[in-house]
Amino acid sequence: MSAKGIKNVVIVGGGWAGTLVARELSTKLDASKYNIILVNERPYFIHLIAGARLTVSSEDKLEDTVLVPFDKLFVNGNGTVKIGKVVSIHEAAPGQGGEVNLEGGESIPYSALVLATGSSWSGPLRFPDSDTDVRAHIRSWRNKYEKANHVVVVGAGAVGLETAGEIKELWPKKKVTIIHSEPLPVNDTYPEKFRKNIERRARQFGIDFIFGDKLDIPPEGTVGVTTQKGKHIPDADLVVPAFGARPNTSVIATLADDILTQSGTVRVNQFLEVQGHPGVFAAGDIIDWKEQKQAAKANTHATIVAANVVSFLQGQPLKKAYKGSPEMIIVPLGKTDGAGYIGLLWGIHVGGWFSRTVKGKELMVAQARKARGY
């Protein structure tokens, strides 16, 4: 409880899910009764869907649009942002609120709490926290790609494929090889037909593959690498880690010992409320739910969490249940090609035109900005 009896609703994490929850709540909660406080380490939202192109190419000056400030996030200004790092969470008692503790000693009390700390990435998508460091990180990766003769991308998930596609579109003659532990790109969540389709299109784009193998990331500046199975790539001079992200949940473990699964995801019930902790909710990549971790799913998470936060604050039963989301994926290869799969009806396969139009050409930047007030 803050001053004058006004209750704090604290959202930890200003990524895809956290920002959408914050904006939704700003339309639902009375500012005379509730303070909405978003806590984030960076001074803006980073539209990670555009992360590969942002870190490869300076052509579109994506840093001007992909780094979205928080100043228009809250509808009618109904909310505040605190730039800081949460180091621990203390619950007074289940359902009775608590406080989040920041680096530097500040504590923020909460009546309801939303955890949306997202994923931790490696390589180009591992953005630092300060604006100066983020921009230096972007320049550094662009410089590495430009200077490299043979780029080896480790991981043929969406990030690895899109990164390879951006490199080949900008420098068609530059060698690009993707090493992937599975026999086909992405994973078996998706049908073999899609996986073969995106492989075929990537090869036509000039991207080479080594499947069923792995590569330990060498020290920067290494020339020549050898995979775990002995495949030697003598001229490889830049290795880019693009394998799966991990849930960024270490601070959430300070709330309770049993809150995380072995894989680091947060145990939630069907209302996306943290199990055993009424009034504490989770959204985005961190929830323990059998689904692929994607920004699109966080749209649904945010709607459900915002509705249930309001119900909790009003002392009403939680009503909005999450029933999962259909699996879909669109992987652009640069601005011109790509493939996708939509897990609706009989399963819909889409090719270059759809991938280019829906995602590849603009990378959904305008939609992401609009959803955050721009």
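Residues numbered from 1 in each chain as written. Predicted model: local features only at pLDDT ≥ 70, side-chain atom pairs only at ≥ 80, totals over all residues. Heavy atoms only, no water.

1. Here's the deal with the pairing of strand β2 (residues 34–40)
Side-chain positions along a regular strand alternate between the two faces of the sheet. With six of seven residues buried, β2 lies mostly within the body of the structure. In the sheet, strand β1 (residues 7–12) pairs with β2 via six bridges, with the strands oriented parallel. Across the sheet, isoleucine 11 pairs through a bridge with leucine 38, a residue of β2. The β-α-β motif built from β1, the intervening helix α1 (residues 16–28) and the parallel element β2 has right-handed crossover chirality. Looking at chain direction, β2 and strand β5 (residues 80–83) are connected through four bridges and run parallel. From the neighbouring strand, asparagine 40 faces β5, where its bridge partner is isoleucine 83. (Buried < 20%, exposed > 50% of the residue type's maximum accessible area, 1.4 Å probe, protein only. Helix = DSSP H or I, 4+ residues; strand = E, 2+ residues; numbered from the N terminus. Pairing = 2+ DSSP bridges. Right-handed = clockwise from strand over helix to strand, strands pointing away.)

2. Quick word on the sheet that holds strand β12 (residues 175–180)
Adjacent strands of a sheet form backbone hydrogen bonds with each other and so pair up, either parallel or antiparallel. Taken in spatial order, the four strands line up as β13-β12-β11-β16 in an open sheet, and their pairing is parallel. Here the strands that pair on one side only, and so sit at the sheet edges, are β13 (207–211) and β16 (238–241). In this sheet, adjacent strand axes meet at a mean angle of 20° when their direction is disregarded. Both β12 and β13 contribute to a ladder of five bridges, which runs parallel. Along β13, the bridge assignment pairs isoleucine 178 with phenylalanine 209. (Axes fitted to C-alpha atoms, helices over the stretch in contact; angles between N-to-C directions.)

3. With respect to the environment of isoleucine 210
Looking at the secondary structure, you find isoleucine 210 in strand β13. Taking relative accessible area as the criterion, isoleucine 210 reaches 13% and is therefore assigned buried. Expressed as a C-alpha distance, the spacing of isoleucine 210 and arginine 126, which sit 84 residues apart in the sequence, is 24 Å. Setting aside its immediate chain neighbours within four residues, isoleucine 210 contacts Thr177, Ile178, Ile179, His180, Thr227, Lys231 and Ile233. (Contact = heavy atoms within 4.5 Å.)

4. Topic: the environment of leucine 113
Position of leucine 113 relative to the elements: it lies in strand β9 (residues 112–115). Through-space distance from the C-alpha of leucine 113 to that of glutamate 99 is 8.9 Å; in sequence the pair is 14 residues apart.

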